[in-house]
Amino acid sequence: MAVNKVMASCDEAVADIFDGATVMVGGFGSFGGLPVNLIAALSRLGVKNLTLIANMGGVGLELSKRIKPGGYQDLGILFEKGQVRKFIGSVPALGGMPPTSPLERQHKEGKVEIEIVPQGTLAERIRCGGGGLGGFYTPVGVGTVVEEGKEKKVIGDREYILELPLTADFALIKAHRADHLGNLVYHGTARCFNPVMAAAAGVTIVEVDELVPAGLLDPETVVTPHIFVNRIVEVSR
Amino acid sequence: MKARLDESTIALRAAREFPDGAVVNLGYGMPGLCANLVPGGRAVYFQSENGMLGYGNLAADEAKDYEMINASDQPVVALPGMCFFDSAASFDMIRGGHIDIVVLGAYQVSEKGDLANWGRPGRPATGMGGGMDLAVGAKRVIVTMLHTTKKGEPRVVKRCTYPITARHCVSLIVTDLAVIEVTGEGLVLREIAPGWTPAEVQDLTEARLMPADDLTEVTL
């Protein structure tokens, strides 16, 4: 008998996330691909001192209205509630927006530490974490603040810096469809960081638009194999 | 005040650089306008860092799908033959030299082609997104930007004072006043906005510009 991965609610799925946990959150950072229902459940849970690993820190509901009519929910809610101690990502705050996102305000007050990582380096560090590798050498960041404190190496005629893997206690991700085993397929640009994060966390929790019995996903089109997924919640779009 | 080119015209001029069959990535902001401005008769494959290749125009209001967005969070139109992939594969394309042209915005470009486009004083929490990967990995980097800041300070400078994105990476700078090529000998002024003289553009440029022998008005 297969383990039952299907949870009744997002609140149940995130219930054991603990104070001080490291949590990856998938998607690009705005809409499409962000597991907004799991983020809302994590904010209701109220745990604190989280380290968040995500592409963007979110803009919060007020600023999001400038990006999409009516606005949208993102990671801003976790910063507003003071649940985050450290953020690791490529766009903590958007330079094209006023400096009033929840993350930027919290950072200014000294309440949130940030580690800024180039987006491709972020993806690859997570892939290394999920794939059991000790890191990689990249030319990205050479000659910039990103190289500070990192090992440098010349390979061929090019200079590289060493980047180390990232893992997490939990990954919150979004997919379009799952089967009961946890095989996942995505929709459009809502894929992004979700597949790489699925492999890099101790417990991977996915919210999906639709849950189907095993056998109904074409095995040729499965993007995330089920062994990377621990918990599944079906949410209405 | 003399007229300067508007953002759409800058993007239109940048898009003229896209050869038929090119794989092109468009950065955050003004570069995104290029998606709608590809010269007629040319097929261009737009790659978006969030995991999409071969998308079309920016979507009209009635056709917006928020799971079909470019890297500027703008919904775009699907085209036959397009495909999706995850962020790791997307940046394999970008770092691995599989992108022919990237168009990026900038705060400053130096005379050596150094790019500064992600951080500025007083905003320590802004990030570079995919900008560093793109500036390092794309075969050709085109910058679109306004020639001066709101206060009138030059953005084409001898040395960047803002945080660097990547060094020696920019090939061409398209501004509201000029088209400038970065060469081993320095910055060559190729084209100039209608009604402006090379001396007037130089006055608004910190780095030295070398007017090309065949200098023309900006051609679209």
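Residues numbered from 1 in each chain as written. Chains lettered and ligands numbered in written order. Predicted model: local features only at pLDDT ≥ 70, side-chain atom pairs only at ≥ 80, totals over all residues. Heavy atoms only, no water.

1. Points about the overall build of chain A
Within chain A one finds seven helices and eleven strands. The C-alpha radius of gyration computed for chain A amounts to 18 Å, which stays within 12% of the reference 18 Å derived for 237 residues, consistent with globular compactness. Along the longest, intermediate and shortest principal axes, the C-alpha atoms of chain A span 50 × 45 × 35 Å. Here chain A, with 237 residues, has 57% of them falling under the buried criterion. Partitioning the intrachain contacts of chain A with sequence separation of at least 6 by distance along the chain shows that 77% fall at a separation of at least 24. Accessible surface for chain A amounts to roughly 9,400 Å². Of this, 52% is attributable to carbon and sulfur atoms. Distance between charge centres in chain A, computed from 23 positive and 26 negative side chains, equals 4 Å. (Helix = DSSP H or I, 4+ residues; strand = E, 2+ residues; numbered from the N terminus. Rg over C-alpha atoms; globule rule 2.2 N^0.38 Å. Buried < 20%, exposed > 50% of the residue type's maximum accessible area, 1.4 Å probe, protein only. Contact = heavy atoms within 4.5 Å. Areas by Shrake-Rupley, 256 points an atom, 1.4 Å probe, with all protein chains shown as cover. Lys, Arg positive; Asp, Glu negative; His and termini not counted. Charge placed at Lys NZ, Arg CZ, Asp CG, Glu CD.)

2. Brief notes about the pairing of strand β4 (residues 113-116) of chain A
All names here are of chain A. Here strand β3 (residues 84-89) runs beside β4; their pairing, made up of four bridges, is parallel. Looking across to β4, one finds that F87 is bridged to I114. One crossover worth recording links β3 to the parallel β4 by way of helix α5 (residues 102-108), and it is right-handed. (Pairing = 2+ DSSP bridges. Right-handed = clockwise from strand over helix to strand, strands pointing away.)

3. Here we look at the interface of chain A and chain B
Facing the 50 residues of chain A at the interface are 36 residues of chain B. Interface of chain A and chain B: buried area, both sides summed, is about 3,500 Å²; carbon and sulfur atoms make up 59% of it. Across the pair R123(B) and E104(A) runs a salt bridge, and its minimum N-O distance is 2.5 Å. One can count 22 residue pairs in polar contact (both at pLDDT 80 or more) joining chain A with chain B. Of all elements in the fold, only α5, β4, α6 (119-131) and α7 (194-199) of chain A reach the threshold of two or more residues within the side of chain A that touches chain B. Ranked by residues supplied to the side of chain A that touches chain B, first place goes to α6(A) with six residues. (Buried area = accessible area lost by both parts, 1.4 Å probe. Salt bridge = Lys/Arg side-chain N within 4 Å of Asp/Glu carboxyl O. Polar contact = N/O pair within 3.5 Å; in protein donor to acceptor, adjacent residues only side chain to side chain.)

4. Here's the deal with the packing of aromatic side chains
What characterises a pair of aromatic rings is the spacing of the ring centres plus the angle enclosed by the ring planes. In this structure the tally under the stated criterion is seven aromatic pairs over all chains. Ring pairs connect the aromatic residues F31(A), Y72(A) and Y66(B), which therefore count as one cluster. Between K68(A) and the ring centre of Y66(B), over which it is positioned, the NZ or CZ distance is 4.4 Å. (Phe/Tyr/Trp six-rings, centres within 6.5 Å; stacked < 30°, edge-to-face > 60°. Lys NZ or Arg CZ within 6 Å of the ring centre and 35° of its normal.)

5. Here we look at the sheet that holds strand β1 (residues 23-26) of chain B
Across the sheet, ten strands lie side by side as β4-β3-β2-β1-β5-β8-β10-β11-β12-β13 (chain B); this open sheet has mixed pairing. What marks the edges here is a single partner per strand, and that holds for β4 (83-84) and β13 (209-217) of chain B.

6. With respect to the pattern of salt bridges
Residues and elements named next belong to chain B. Within the structure shown, the criterion is met by 30 salt bridges over all chains. Across the pair D176 and R4 runs a salt bridge, and its minimum N-O distance is 3.4 Å. One end of the pair, D176, is in the loop between β10 (170-174) and β11 (178-183); the other, R4, is in the segment before α1 (7-15), and 172 residues separate them in sequence. On the accessibility criterion, D176 (4% relative accessible area) is buried. Taking relative accessible area as the criterion, R4 reaches 29% and is therefore assigned partly exposed.

7. Quick notes on the confidence of the model for chain B
Counting all residues, the mean pLDDT for chain B is 96, and 100% of those residues have values of 70 or more. The ipTM assigned to the predicted complex is 0.96, against a pTM of 0.97. (pLDDT = per-residue confidence, 0-100.)

8. Structural notes on the pairing of strand β12 (residues 186-192) of chain B
Residue and element names in this part refer to chain B. β12 sits mainly inside the fold: six of its seven residues count as buried. Summarising the sheet, β11 and β12 pair through six bridges and their orientation is antiparallel. If you follow I180 over to β12, its bridge partner there is L189. Between the end of β11 and the start of β12, which pair antiparallel, lie two residues. In the sheet, β12 pairs with β13 via five bridges, with the strands oriented parallel. Residue pairing in the sheet places E191 in a bridge with T216 of β13. Between the parallel pair β12 and β13, the chain is carried across by helix α4 (residues 198-203), and the sense of this crossover is right-handed.

9. Structural notes on the sheet that holds strand β7 (residues 115-116) of chain B
Residue and element names in this part refer to chain B. Here we have three strands laid out as an open sheet, ordered β7-β6-β9, and mixed in their pairing. The two strands at the open ends of the sheet, each matched to only one other strand, are β7 and β9 (156-157). As defined by bridge partners, strand β6 (residues 108-110) adjoins β9 across two bridges and the pair is classed as parallel. Residue pairing for β9: V109 is matched across the bridge by V156.

10. Let's talk about helix α2 (residues 87-95) of chain B
By the burial criterion, the buried members of α2(B) are S87(B), A88(B), S90(B), F91(B), I94(B) and R95(B). All buried residues of α2(B) lie within an arc of 155 degrees about the axis, which places them on one face of the element. Tucked into the core, α2(B) has its buried residues touching α6, β5 (136-138) and α7 of chain A together with β1, β2 (45-48) and α3 (131-137) of chain B. Sitting at the head of α2(B), D86(B) places a side-chain oxygen 2.9 Å from the backbone nitrogen of A88(B). Once α2(B) finishes, G97(B) follows within two positions and takes phi at roughly 80 degrees, a positive value. (Arc of directions from axis to C-beta.)

11. Here's the deal with unusual backbone geometry
Even without being a glycine, N49(A) presents a positive backbone phi close to 60 degrees. Tracing the backbone shows N49(A) in the loop between α2 (36-45) and β2 (50-53). Phi angles above zero are rare outside glycine, and H168(B) is one such case at about 50 degrees. Residue position: H168(B) is located in the loop between β9 and β10. Residue H168(B) is classed as exposed on the basis of its relative accessible area of 57%.

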